[in-house]
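What follows is the residue order along each chain.
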Amino acid sequence: MFKKLLLVAIVLALAIPLAVPATAQDDKPTIGFLPGVLDPFYQVMEIGVNAAAADFGVEVFLPQYPSTWGPSAQTPILEAMVARGDLDYIILAPVDKEQMIAPLQAAVDAGIKIITVDTFLGDGDYINGPVTFPISYIGSDNVEGGRIAGYALAERLGGKGKVYVQNTNVGVSTTEQRGQGFIEAISEFPDMELIGMDYNLDDASTSAAQTSAVIQREPELAGIFGVNVFSALGAGNAVKNAGLGGAIEVIAFDATKEAIENLNLGVVSMVIAQKPYDMGYLAVEFAFADWRGVTSLPRRVTTGYAVITAENVNDPEVARFIYQVP
Amino acid sequence: MTVDSRAEALPRRAVSRRVARQKQAILLVSRVWSWIFLAIMVVFFSIEGTGFFTVRNSQNILVAIVPVLLMGLGQTFVIIAAGIDLSVGWVMGLSSVVSALVIRDLADGGMAVGLAILIGFVAGVGSAALAGLLNGVIIAKLKVPPFIVTLGVSFIARGAAFLLSGGNVVGGQPQALRDLGNEALLYLQRGDETRLYFLKKPDVTGAQLRMLDRILPWPVVIAFVLVLIAMFILHRTQFGRHTYAIGGNKEATKRAGVPVDRLTILLYVMSAVTAGFAGVLYTARFSGGSSIAGDALMMSSIAAVIIGGVSMFGGEGRVSGTVLGALVIAVLQTGLIMMAVEPFWQYVIVGIIIILAVLMDQARDLIIGRAEAE
C-alpha cells in the first residue's frame, strides 16, 4: 500500500512539471519591457506597449527605467528580469550595440526571446549580420531620419544655402547616423553647402555658444540641423538672440513637449518626430504573434517619421506624434 | 657665479632688497601670465577668425561664460580653503529643475508672473543651498574628505533632480522668464544711425533685428553682480581672510580661535548657491528646467578656477582669476569655431593650459621658496 502511494506520488511529481508547459502553451506569453533610459521618448513607447498588452490581453512587466544611458545601468535590470524565470519575451532598447550582446545572449540561453526596439545589436541586420538571435528590430532608421531633415531643410531653403549641424557626442550611433543622413541629403543639392558640424556634449549652453560663434563666422548661414532636443534648443536660442529667427531655419529631431514649445515660440522651425508608440505596440504584437506560432515576422521594421511644423502642429493627425506623457 | 660672488660682497640689507624685488617680479609674472595669454588669444583670433572682434561676439562670449563662471565662483572659495566641490554640476541641474517646477506651477496657479519667478529663483537657489549645507555639515562635523562627500551629494542631487522632473525637461514657462534669460540691459542698434537704447528694446523687425546687439544680457548682469559680491567677501572681509587661513594651515587657524567648522559649512553653502544661480539662469535662458544642465560644464568650471591661478593646495587665488579662467575657455571655444578648426582641438588646448597653469604655480613656489632660503 505504502509503496503504491509512493509510486503515485512520484508519478504525480514528475507529471506536474510536464503538464505546466502544456497548459502554458494555451495561455498568454509573459513579456518584459526594458527601455534605454527615463525620458519622454521611452515613456511614450511604454504607452504603446501597454496599449498592445491590453488589446492582446497579455501581461507586460517593466521593473524600472535605467537611471542613466549605459550598459552598467541597463544590464543589472536585465539580469533581474532574466532571474525572475517567468518571462517568455523581453522587449528592450539595447543601450550599446556591442556591450549588450553578452547579457542578452545569457537571456536567450535562459529561454527568453528578444525583440529590440529603437536601438539594435551588432549592425541591426538580424539575418546576415553578426548578431542574429533577436526576433526583430523595430525602430526608426536614423540615417533616413537625417535624410528627411536634410530634404525638409532643402525644400524650405529652395535647394540652396549654407547649412550647419549641431551634434551631441562622437560615437553615439543614433545621432551620428542622423548627422550622416543629413549630410547625404544635403550633398545631393549642388547649391547647398555644409559648413561644419560641432559637438555639444548634449548640453544646450554649449550648443548655443557654438552656434553663436558659427553665426558670426558665416553671415550667410541659412539652416541648422540639431540632432536632438538639446542641440536644437541651444542652436535655436542662439539664432533667435541674433535676431535671425525665421532667417535661419532650425530643424530639431525628436518631438518632446519642449521641442514643440520651441516650435510655437519660433525658436525652431521644424521638428522631426519618431514614432515610439508604434515601436512599443508593434513589439508586443510581434511577441504575441511569435507565441502563436507566426514564423514570417520581418526581422527589421522601420517605423518612419512625422514632420511637424508651425503650420500643422495643431492638426490632431500630426499632433498625436508629440511625445506627450499624460 | 659672478652674480653670486657679487651678492656675497654686498651688505645684507641689499641682498634682501634684491630678493624682495625678484620675488615681486616673479609674483607679477605668475599673476599676469594668463592675462597676457588671453590678450594674445584675443589678438590672434581677431586677425584669424571671421567675426571674432565684434560687439555681438563679445556679448556671446560673456553669455557663454555665465554657467562656467558661476559654478567656479563658489568653487574658488572652496579650493582656496583647500577643499573641492564636485557636486556643483548636478546641484546646478537640481536648482534648474526646482525653479522651473515652482515657476510653472505658481504661474499656472494664477500668481503674478514676476512674483512666481522670484519665488522660483529663491526655491531653486534654496534647494542648491540645502545640498551645500549637506556637503558642509558632513565635511566639517563628520570629518569625511570633501572629495568623497561632494561626490556623494552630487549623486543625491542628480537623483533628486531626475525624480522631481521625471527625466523630462520642465517646460511650460511664462514669457517673462524667457525675457529675463534672453533680454538685455542695453541694446545697440547698428546701421544708418547707430543708437543705444537703455532697458527698452527698440521696436524693430526683419533685417533691422539683425543689426540689433544685446549689450549685457540679464544673466551676465546677474553673474557680474555675484562676482562683485564674491570679490568683496574674499578680499575685503574677515570671512575672506579666514578662508585663506584655512587653506594655508587649518590646524593653526583652528588654534587661533577661528570657528573653522562653521566657516567650512558656509563655504560649501556658498559654492552650492552660486551653482544654484547658474541653474536658475539656465532655466530662464532656455525657458525650461533640465536635470543635466550642469553636467557637461562642471569640469570646465574647475578648469577655469585652476587656469585662474587658484592653488589646488589651498591658501592662494583670487576671484578675478576665475573670471579670467572662464574667459580663456570661452574665448578659445569661440575662436576655434571662428577659425573653423576641428572642434576637438579645444579639449587638447584646454588640457595643456590647465597643466601649464599648475606648472606656473609650482615654479613660482619653488623660486620664491629658494629665494627665501638664500
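Draft legend 1. The overall build of chain A, seen in detail. Counting its secondary structure elements, chain A contains 11 helices and 12 strands. Oriented by its inertia axes, the alpha-carbon framework of chain A measures out at about 100 × 35 × 35 Å. Considering chain A as a whole, with its 326 residues, one finds that 56% of them fall into the buried category. For chain A, long-range pairs separated by at least 24 residues make up 73% of all intrachain contacts whose partners lie at least 6 apart in sequence. When the accessible surface of chain A is totalled, it reaches about 13400 Å², and 56% of it is carbon and sulfur.

Draft legend 2. Inspection of the confidence of the model for chain B at higher detail. Residue and element names in this part refer to chain B. Of the residues in chain B, 95% have a pLDDT of 70 or more, and the chain-wide mean is 88. For chain B, the element scoring lowest by mean pLDDT is helix 1 (residues 2–9), at 49; helix 5 (residues 113–142) scores highest, at 97. The low-confidence segment residues 1–5 (pLDDT under 50) makes zero contacts with residues lying over four places distant or belonging to another chain. Model confidence for the complex: the whole-complex pTM is 0.79, and ipTM, which rates the interface, is 0.77.

Draft legend 3. The interface of chain B and chain A, seen in detail. Between chain B and chain A, the residue contacts involve 42 residues of the former and 38 residues of the latter. The interface formed by chain B and chain A contains zero salt bridges. At the junction of chain B and chain A, the tally comes to nine residue pairs in polar contact (both at pLDDT 80 or more). Among the elements of the structure, helix 3 (55–80), helix 7 (175–182), helix 8 (206–210), helix 12 (260–285) and helix 14 (319–338) of chain B are those that each provide at least two residues to the side of chain B that touches chain A. With five residues, the single largest contributor to the side of chain B that touches chain A is helix 3 of chain B. Each residue belonging to the side of chain B that touches chain A can be placed in one class, and the counts come to 17 nonpolar, 19 polar and six charged.

Draft legend 4. Geometry of the domain arrangement of chain A. Residue and element names in this part refer to chain A. Here the domain parsing of chain A yields domain 1 (2–140 + 275–304) and domain 2 (142–273). Just the C-alpha atoms count here: the centres of domain 1 and domain 2 sit 36 Å apart. Each partner contributes residues to the interface: domain 1 has eight residues there, and domain 2 has seven residues. Viewed at the interface, domain 2 and domain 1 are joined by zero salt bridges. There are zero residue pairs in polar contact (both at pLDDT 80 or more) connecting domain 1 and domain 2. Per-class residue counts for the side of domain 1 that touches domain 2 are three nonpolar, three polar and two charged.

Draft legend 5. Molecular detail of the sheet that holds strand 1 (residues 30–34) of chain A. Residues and elements named next belong to chain A. Taking strand neighbours across the sheet as the criterion, the six strands line up as 2-1-3-4-5-11 in an open arrangement whose pairing is parallel. Edge strands, defined here as strands with exactly one partner in the open sheet, are strand 2 (59–61) and strand 11 (300–302). Neighbour-to-neighbour, the strand axes of the sheet open up by a mean angle of 20 degrees, direction not taken into account. Across four bridges, the pairing between strand 1 and strand 3 (residues 89–92) is parallel.

Draft legend 6. Geometry of the environment of Phe-52 of chain B. Residue and element names in this part refer to chain B. Looking at where Phe-52 falls in the secondary structure, it is placed in the loop between helix 2 (12–48) and helix 3. By relative accessible area, Phe-52 is classed as buried at 6%. Counting along the chain gives 288 residues from Phe-52 to Ala-340, while the straight-line C-alpha distance between them is 12 Å.

Draft legend 7. View of unusual backbone geometry. Despite not being glycine, Asp-254 of chain A shows a phi value in the positive range, around 85 degrees. Residue position: Asp-254 of chain A is located in the loop between strand 9 (249–253) and helix 9 (257–264). Among the residues examined, Asp-254 of chain A registers a relative accessible area of 12% and is labelled buried. Of note in this structure, Leu-216 of chain B is not a glycine but carries a positive phi near 55 degrees.

Draft legend 8. Representation of helix 7 of chain B within the structure. Burial in helix 7 of chain B covers these residues: Leu-177, Arg-178, Gly-181 and Asn-182 of chain B. On an axial view of helix 7 of chain B, the arc spanned by its buried residues comes to 120 degrees, and they lie on one face.

Draft legend 9. Focus on helix 14 of chain B. Residues and elements named next belong to chain B. Under the 1.5 Å per step criterion, the end-to-end length of helix 14 is 29 Å for 20 residues, consistent within 8% with the ideal 28 Å. Counting buried positions over the 20 residues of helix 14 gives 19, a clear majority of the element. Phi turns positive, to about 55 degrees, at Ala-340, one or two residues after helix 14.

Draft legend 10. Representation of the nonpolar core. Residues and elements named next belong to chain A. Core analysis: the biggest nonpolar cluster contains 156 residues, and Val-271 and Ile-308 have the highest contact counts within it. For this core, the domains that each give at least three residues are domain 1 (2–140 + 275–304) and domain 2 (142–273). Apart from the residues lying within four places of it in its own chain, the contact partners of Val-271 are Ala-252, Asp-254, Ala-255, Ala-259, Ile-260, Leu-263, Ala-306, Val-307 and Ile-308.

Draft legend 11. Spotlight on a nonpolar patch on the surface. All names here are of chain B. Taken together, the side chains of Leu-115, Leu-118, Ile-119 and Val-122 define a hydrophobic patch exposed on the protein surface, amounting to about 360 Å² of accessible area. Locating Val-122 in the fold gives a position in helix 5. With relative accessibility at 56%, the residue Val-122 sits in the exposed group.

Draft legend 12. Main features of the pairing of strand 4 (residues 113–117) of chain A. All names here are of chain A. With four of five residues buried, strand 4 is to be regarded as a mostly interior element. Looking at chain direction, strand 3 and strand 4 are connected through four bridges and run parallel. Bridging across to strand 4, Ile-90 finds its partner in Ile-114. Where the polypeptide runs from strand 3 across helix 4 (residues 101–109) and back to strand 4, its parallel neighbour, the crossover connection is right-handed. Direction of pairing for strand 4 relative to strand 5 (residues 136–139): parallel, over a ladder of three bridges. Following the sheet pairing, Val-117 is matched in strand 5 by Ile-138.

Draft legend 13. Seen up close, the packing of helix 5 of chain B against helix 6 (residues 146–165) of chain B. Residue and element names in this part refer to chain B. One can describe the packing of helix 5 onto helix 6 by two numbers: an axis separation of 9 Å at closest approach and a directional angle of 150 degrees. Relative to helix 6, the element helix 5 is oriented roughly antiparallel. Crossing geometry of helix 5 relative to helix 6 is assigned as right-handed. Judged by residue contacts, Ala-131, Leu-134, Asn-135, Ile-138 and Ile-139 of helix 5 engage Pro-146, Val-149, Thr-150, Val-153 and Ile-156 from helix 6. Here the residues of the contact of helix 5 with helix 6 are counted per class, giving eight nonpolar, two polar and no charged.

Draft legend 14. A look at the pattern of salt bridges. Enumeration over the complete set of coordinates arrives at 13 salt bridges over all chains. Close ionic contact of Glu-144 of chain A with Arg-147 of chain A constitutes a salt bridge, the shortest N to O distance being 2.9 Å. Separated by three residues within a single helix, Glu-144 of chain A and Arg-147 of chain A lie in helix 5 (residues 142–156), roughly one turn from each other. The partner of Glu-183 of chain B in a salt bridge is Lys-201 of chain B, with the nearest N and O atoms 3.6 Å apart. Of this pair, Glu-183 of chain B sits in the loop between helix 7 and strand 1 (184–189) while Lys-201 of chain B sits in the loop between strand 2 (195–198) and helix 8, and the two are 18 residues apart along the sequence. The exposure class of Lys-201 of chain B is partly exposed, given its relative accessible area of 34%. One connected set of salt bridges, linked through shared partners, spans Glu-144, Arg-147 and Glu-184 of chain A.

What counts and how
- Residues numbered from 1 in each chain as written.
- Chains lettered and ligands numbered in written order.
- Predicted model: local features only at pLDDT ≥ 70, side-chain atom pairs only at ≥ 80, totals over all residues.
- Heavy atoms only, no water.
- Helix = DSSP H or I, 4+ residues; strand = E, 2+ residues; numbered from the N terminus.
- Buried < 20%, exposed > 50% of the residue type's maximum accessible area, 1.4 Å probe, protein only.
- Contact = heavy atoms within 4.5 Å.
- Areas by Shrake-Rupley, 256 points an atom, 1.4 Å probe, with all protein chains shown as cover.
- pLDDT = per-residue confidence, 0-100.
- Salt bridge = Lys/Arg side-chain N within 4 Å of Asp/Glu carboxyl O.
- Polar contact = N/O pair within 3.5 Å; in protein donor to acceptor, adjacent residues only side chain to side chain.
- Nonpolar A, V, L, I, M, F, W, Y, C, P; charged D, E, K, R; others polar.
- Domains from an automatic or database assignment.
- Pairing = 2+ DSSP bridges.
- Axes fitted to C-alpha atoms, helices over the stretch in contact; angles between N-to-C directions.
- Arc of directions from axis to C-beta.
- Expected span 1.5 Å × (residues − 1).
- Core = buried A, V, L, I, M, F, W, Y, C linked by side-chain atoms within 4.5 Å.
- Patch = residues over 30% accessible without salt bridge, like charges linked within 9 Å, V, L, I, M, F, W, Y side chains within 5 Å.
- Right-handed = clockwise from strand over helix to strand, strands pointing away.
- Parallel < 35°, antiparallel > 145°, perpendicular 65-115°, else oblique.
- Left-handed = near helix turned anticlockwise from the far one by under 90°.

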